[in-house]
Amino acid sequence: MLDKIDEQKLIAISQKHIKLKQDGMKEEEFEKEKKRDIENHYLWREMMISIILISCPKSIKPSIRFEDWNSAMKLLSK
């Protein structure tokens, strides 16, 4: 489910950037905004993985085979 939310968030961010460009935002401001959006998105990913790991019952924790977003997505694609 988080993978699909992530996809939608990336689409929304991309659309926002297109709109900012179309509205004539200055390049320097645009790059700052884009960098902020990317950093915030990676932070969201880290928070989601942390929530999953923290919320897991102790009995299940040993079987969890991911520690971060990338390893979770690799596991999901297997």
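Conventions we followed
- Residues numbered from 1 in each chain as written.
- Predicted model: local features only at pLDDT ≥ 70, side-chain atom pairs only at ≥ 80, totals over all residues.
- Heavy atoms only, no water.
- Helix = DSSP H or I, 4+ residues; strand = E, 2+ residues; numbered from the N terminus.
- Buried < 20%, exposed > 50% of the residue type's maximum accessible area, 1.4 Å probe, protein only.
- Contact = heavy atoms within 4.5 Å.
- 1 Å grid on protein atoms, 1.4 Å probe; cavity = no way out; pocket = protein on both sides within 12 Å on 5 of 7 lines; lining within 4 Å.
- Points joined across faces, edges and corners; volume = space filled by probe spheres on them.
- Nonpolar A, V, L, I, M, F, W, Y, C, P; charged D, E, K, R; others polar.
- Axes fitted to C-alpha atoms, helices over the stretch in contact; angles between N-to-C directions.
- Parallel < 35°, antiparallel > 145°, perpendicular 65-115°, else oblique.
- Core = buried A, V, L, I, M, F, W, Y, C linked by side-chain atoms within 4.5 Å.
- Expected span 1.5 Å × (residues − 1).

Trainee: I'd like a rundown of the environment of R45, residues and numbers included.
Mentor: Mapped onto the elements of the fold, R45 is located in helix 2 (residues 27–55). Residue R45 is classed as buried on the basis of its relative accessible area of 11%. Remark: the alpha-carbon pair of R45 and I18, spanning 27 residues in sequence, is separated by 23 Å. Contact partners of R45, with chain neighbours within four places excluded, come to D6, L10 and W69.

Trainee: Tell me about the layout of surface pockets, and please be specific about residues and values.
Mentor: By volume, the largest pocket is sized at about 190 Å³. Around the largest pocket sit M1, L2, D3, I49, I52, F66, W69, A72, M73, L75 and L76, which together line it. Secondary structure elements with two or more residues in the lining of the largest pocket: helix 1 (2–22), helix 2 and helix 3 (69–77). Split by residue class, the lining of the largest pocket holds 10 nonpolar, no polar and one charged.

Trainee: Now, about the packing of helix 1 against helix 2: what can you tell me, with residues and values included?
Mentor: Interaxial distance between helix 1 and helix 2 falls to 11 Å at its minimum, and their mutual angle equals 170°. Taken together, the axes of helix 1 and helix 2 are roughly antiparallel relative to one another. Between helix 1 and helix 2, the contacting residues are L2, I5, D6, K9, L10, I13, K16, H17, L20 and K21 on the first element and E27, F30, E33, K34, D37, H41, W44, R45, M48 and I52 on the second. Taken together, the residues that form the contact of helix 1 with helix 2 break down as nine nonpolar, two polar and nine charged.

Trainee: Could you give an account of the nonpolar core, with specific residues and numbers?
Mentor: General note: in soluble globular proteins, nonpolar side chains tend to be found buried as a group. W44, M48, I49, C56, I64, F66, W69 and A72 form the largest nonpolar core, which has eight residues in total. Counting only elements with at least two residues in this core, the list comes to helix 2 and helix 3. Sorting elements by how many residues they give to this core places helix 2 first, with three residues. In this view, C56 contacts K61 and I64; residues no more than four positions away in its chain are not counted.

Trainee: So, helix 1: which residues are in play, and what are the values?
Mentor: Given a rise of 1.5 Å per residue, 21 residues ought to cover 30 Å, and the 30 Å separating the end C-alpha atoms of helix 1 matches this to within 8%. Buried positions along helix 1 lie against helix 2 and helix 3. The positive-phi residue at the C-terminal boundary of helix 1 is G24, with phi of around 85°.

So far we have only geometry, and geometry alone does not tell us how the molecule works.
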